[in-house]
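Take a look at the letters that make up each chain.
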Amino acid sequence: QVISMAFLTSDDAPIIWRGPMLHGALQQFFREVRWTQLAYLISDMPPGTGDVAMGLARMLPRAELIVVTTPATGAQKVATRAVTMARKSHIRVAGVIENMSAFTADDGTEYALFGRGGGERLATEAGVPLIGSIPLEPEVSNGGDEGRPVALGEGRAATAFRSIAER
């Protein structure tokens, strides 16, 4: 079952919530939604250490964090701050996923457009496993735009997503 904040507004209208309003909405979401046989609640948050991350840490004391980064050094630095914030908030860091790891052309040539090994370096520095690497493929973006998760299809990215889900 998927519950999305996108269901609260039309496609062209932003949800402009900050501070107490955002915190109150999250509390209501966790307390008043009738959760049935919930195995995992996945919250896709922007990078960094803002209000949402800190609020979730307080509301969900047994939460675990999976950090997503690209191979780029700049992305790693932001992700490192998220790891530090999680640990200061007593949130277990379960692992790292590297997104946009490489692009493979039709002829089989692989291009590391954002560098190599950033996810592995971050995982090693944080002392957590690298859960998986997602290649850069147009199908990922196209599937998201069309509401068709790439994991339900075929290809390298689909295989990577399924492998990550299994882990």
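Computed from a predicted model, the values in this text were never measured in an experiment. (Residues numbered from 1 in each chain as written. Predicted model: local features only at pLDDT ≥ 70, side-chain atom pairs only at ≥ 80, totals over all residues. Heavy atoms only, no water.)

(A) Representation of the environment of L122 within the structure. Along the chain, the position of L122 falls in helix α4 (residues 118–126). In this structure L122 comes out as buried when scored by relative accessible area, which is 2%. Sequence separation of L122 and T69 is 53 residues, and the distance between their C-alpha atoms is 8.4 Å. When sequence neighbours within four positions are dropped, the list of residues in contact with L122 reads V67, T69, Q76, A79, T80 and V96. (Helix = DSSP H or I, 4+ residues; strand = E, 2+ residues; numbered from the N terminus. Buried < 20%, exposed > 50% of the residue type's maximum accessible area, 1.4 Å probe, protein only. Contact = heavy atoms within 4.5 Å.)

(B) Main features of the environment of V96. Along the chain, V96 falls in strand β2 (residues 92–99). V96 sits in the buried class, given a relative accessible area of 0%. Note: C-alpha distance between V96 and A79 (17 residues apart in sequence) is 9.3 Å. The contacts of V96, once residues within four sequence positions are left out, are V67, T69, G119, L122, A123, V128, P129, L130, I131 and G132.

(C) Fine view of helix α3 (residues 73–88). Here α3 spans 23 Å end to end across 16 residues, near enough to the 22 Å set by a 1.5 Å rise per residue. Within the sequence span of α3, burial applies to Q76, A79, A82, V83, M85 and A86. (Expected span 1.5 Å × (residues − 1).)

(D) Seen up close, unusual backbone geometry. Look at H90: it is not a glycine, yet its phi comes out positive at around 65 degrees. Among the secondary structure elements, H90 is positioned in the loop between α3 and β2. Positive phi is not limited to glycine here, since M100 has a value of about 55 degrees. Of note, M100 is situated in the loop between β2 and β3 (103–104).

(E) Expanded view of the nonpolar core. In terms of nonpolar packing, the biggest core is built from 13 residues, with L65, V67, V93, V96 and V128 touching the most fellow members. When residues of this core are traced back to their parent elements, those giving at least two are β1 (64–69), α3, β2 and α4. With residues up to four places along the chain from it excluded, the contact list for V67 reads A79, V83, V93, G95, V96, I97 and L122. (Core = buried A, V, L, I, M, F, W, Y, C linked by side-chain atoms within 4.5 Å.)

(F) Representation of the pairing of β2. Buried residues dominate β2, accounting for six of its eight residues. Where β1 meets β2, six bridges bridge the pair, whose relative direction is parallel. Within the sheet, the bridge partner assigned to V67 lies in β2 and is V96. Note that the unit made of β1, α3 and β2 has a crossover that is right-handed. Sheet topology places β2 next to strand β5 (residues 130–134); four bridges connect them, and they run parallel. Pairing of E98 across the sheet is with S133, part of β5. (Pairing = 2+ DSSP bridges. Right-handed = clockwise from strand over helix to strand, strands pointing away.)

(G) Spatial organisation of the pattern of salt bridges. All chains considered together, the criterion is met by four salt bridges. Between E64 and R92 there is a salt bridge, with its nearest N and O atoms 2.8 Å apart. Here R92 lies in strand β2 and E64 lies in strand β1, a separation of 28 residues in the sequence. Salt-bridge contacts for E110 lead to R116; the nearest nitrogen and oxygen are separated by 3.0 Å. (Salt bridge = Lys/Arg side-chain N within 4 Å of Asp/Glu carboxyl O.)

(H) Summary view of the packing of α3 against α4. Two elements in contact, α3 and α4, have axes whose closest approach is 11 Å; the angle formed by their N-to-C orientations is 25 degrees. Of the possible angle classes, the one that applies to α3 and α4 is roughly parallel. Of the two elements, α3 crosses α4, and the hand of that crossing is right-handed. Taken together, the residues of α4 that come into contact with α3 (itself represented by Q76, A79, T80, V83 and R87) are G118, R121, L122, E125 and A126. Looking at the contact of α3 with α4 residue by residue, the classes come out as four nonpolar, three polar and three charged. (Axes fitted to C-alpha atoms, helices over the stretch in contact; angles between N-to-C directions. Parallel < 35°, antiparallel > 145°, perpendicular 65-115°, else oblique. Left-handed = near helix turned anticlockwise from the far one by under 90°. Nonpolar A, V, L, I, M, F, W, Y, C, P; charged D, E, K, R; others polar.)

Bear in mind that shape data such as this cannot, by itself, settle questions of function.
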